[in-house]
Amino acid sequence: MKLLNKKISPILKLVLLFSFWSGGVGSTVISSDRFLIKILDRTISLQDINFQLRNIKALRCIYEDSFVIQYFKNDFVGQLDEFLSNMPKEDEEVRKYLLSRKETLKSIRYFFKMLTYAEDQKIQVSSKVKNLILESARENQCQTGVLYKDTLKTNFVSLMEMEIYLRTRYGSQVKNKESFEAIRSSIEIFIESLDKQFSHEYFW
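These numbers come from a predicted model, not from an experiment.

Digging into the overall build of the chain
For the chain, the count of helices and strands is 10 helices and 5 strands. For the chain, buried positions account for 50% of its 204 residues. Surface summary for the chain: the accessible area is close to 10,300 Å², and the carbon and sulfur share equals 49%.

Next up, the structure:
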């Protein structure tokens, strides 16, 4: 088990459910940006997806029992890597490509809608948790692209807010990694509800 799992796991399973709630490397290079989807008033681009791919890789390295990682599954990383790596340059080819990747786009849409919702909850990631994450990232040689000097980059903090929200809402129902499947359907219902509430538009 990695450093963070040794040091932060008890916090994540207990304190994370209460005290956190208060009122890089290895990613695909994007040579040019392109808007893909609009969620509410927020426009998501290829660069946004690339940043979050880096963040997800880092979170998987830092804390492999993450609810975000378990819900979207490890193959989500490969799915995003492949999606970004094979993105065509020409507009007409991009349109065909996107239409052939509807399932990937659906996963991306779900991810960013949940991220948007978590950000709206004004969750605070405590300095203690940030320091544990920094320590674990360095010890485990995780993606350093999520680090900024002696703190975490803002978009990685947003991902941690989503992790905290999921643990706050569902953590008491999960006793171990194997029992996560017991709450998968509840999270799916929640995300499907968000998908109906939060409007979206693709840029084909």
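Quick notes on the pattern of salt bridges
Tallying each qualifying case throughout the model produces 9 salt bridges. For Glu82, the salt bridge identified is with Arg101, shortest N-O distance 3.5 Å. In this pair, Glu82 is assigned in helix H5 (residues 75-85) and Arg101 in the loop between helix H6 (91-99) and helix H7 (102-120), connecting sequence segments 19 residues apart. We classify Glu82 as partly exposed; its relative accessible area is 32%. Through salt bridges with shared partners, one network takes in Arg109, Lys113 and Asp195.

Digging into the nonpolar core
Judged by nonpolar contacts, the single largest core of 63 residues is most densely connected at Ile49, Phe83, Phe111, Phe156 and Ile187. Looking at this core, the element that brings in the most residues is helix H9 (residues 154-170), giving 9 residues. Not counting the four nearest positions on each side in its chain, Ile49 is found in contact with Leu36, Ile44, Leu80, Phe83, Leu84, Ile108 and Phe112.

Thoughts on empty space enclosed by the protein
There is about 40 Å³ of room inside the largest cavity. Contributing to the lining of the largest cavity are Ile56, Arg60, Val68, Ile69, Phe72, Lys73, Asn74, Phe76 and Val77. Residue assignment for the lining of the largest cavity shows that the elements contributing at least two residues are helix H3 (46-62), helix H4 (67-72) and H5. A total of 3 residues in the lining of the largest cavity trace back to one element, the largest contributor, which is H4.

Some words on helix H10 (residues 181-197)
Its 17 residues give H10 an end-to-end C-alpha distance of 25 Å, which sits within 8% of 24 Å, the value for a rise of 1.5 Å per residue. Listed as buried for H10 are Ile183, Arg184, Ile187, Phe190, Ile191, Leu194 and Asp195. Each buried residue of H10 sits inside an arc of 140° when the element is viewed along its axis, so together they form one side. Of the residues in H10, the exposed ones pointing more than 90 degrees away from the buried face are Ala182, Ile189 and Lys196.

Things to note about the confidence of the model for the chain
With 83% of its residues at a pLDDT of at least 70, the chain reaches an overall mean of 84. Low pLDDT (under 50) marks residues 1-26, which in the prediction has 65 contacts with non-local residues, meaning those over four places away or in another chain.

What to know about the packing of H3 against H5
Viewed as axis vectors pointing N to C, H3 and H5 meet at an angle of 150°, and their least axial separation amounts to 10 Å. In terms of axis orientation, H3 runs roughly antiparallel to H5. You can see that H3 and H5 cross each other, and the crossing is left-handed. Each of Leu46, Ile49, Asn50, Leu53, Ile56, Lys57 and Arg60 in H3 lies in contact with H5, whose residues at this interface are Phe76, Val77, Leu80, Asp81, Phe83 and Leu84. When the residues that make up the contact of H3 with H5 are grouped by side-chain class, the tally is 9 nonpolar, 1 polar and 3 charged.

Section: the sheet that holds strand S1 (residues 35-39)
Strand order in this open sheet of 3 strands is S2-S1-S5, and the pairing throughout is antiparallel. At either end of the open sheet lies a strand with only one pairing partner, and these are strand S2 (42-45) and strand S5 (200-202). Adjacent strand axes in the sheet meet at a mean angle of 20° when their direction is disregarded. For S1 and S2, the ladder comprises 4 bridges, and the chain directions are antiparallel. Of the residues in S2, the one forming a bridge with Lys38 is Thr43.

Cut-off values and rules
- Residues numbered from 1 in each chain as written.
- Predicted model: local features only at pLDDT ≥ 70, side-chain atom pairs only at ≥ 80, totals over all residues.
- Heavy atoms only, no water.
- Helix = DSSP H or I, 4+ residues; strand = E, 2+ residues; numbered from the N terminus.
- Buried < 20%, exposed > 50% of the residue type's maximum accessible area, 1.4 Å probe, protein only.
- Areas by Shrake-Rupley, 256 points an atom, 1.4 Å probe, with all protein chains shown as cover.
- Salt bridge = Lys/Arg side-chain N within 4 Å of Asp/Glu carboxyl O.
- Core = buried A, V, L, I, M, F, W, Y, C linked by side-chain atoms within 4.5 Å.
- Contact = heavy atoms within 4.5 Å.
- 1 Å grid on protein atoms, 1.4 Å probe; cavity = no way out; pocket = protein on both sides within 12 Å on 5 of 7 lines; lining within 4 Å.
- Points joined across faces, edges and corners; volume = space filled by probe spheres on them.
- Expected span 1.5 Å × (residues − 1).
- Arc of directions from axis to C-beta.
- pLDDT = per-residue confidence, 0-100.
- Axes fitted to C-alpha atoms, helices over the stretch in contact; angles between N-to-C directions.
- Parallel < 35°, antiparallel > 145°, perpendicular 65-115°, else oblique.
- Left-handed = near helix turned anticlockwise from the far one by under 90°.
- Nonpolar A, V, L, I, M, F, W, Y, C, P; charged D, E, K, R; others polar.
- Pairing = 2+ DSSP bridges.

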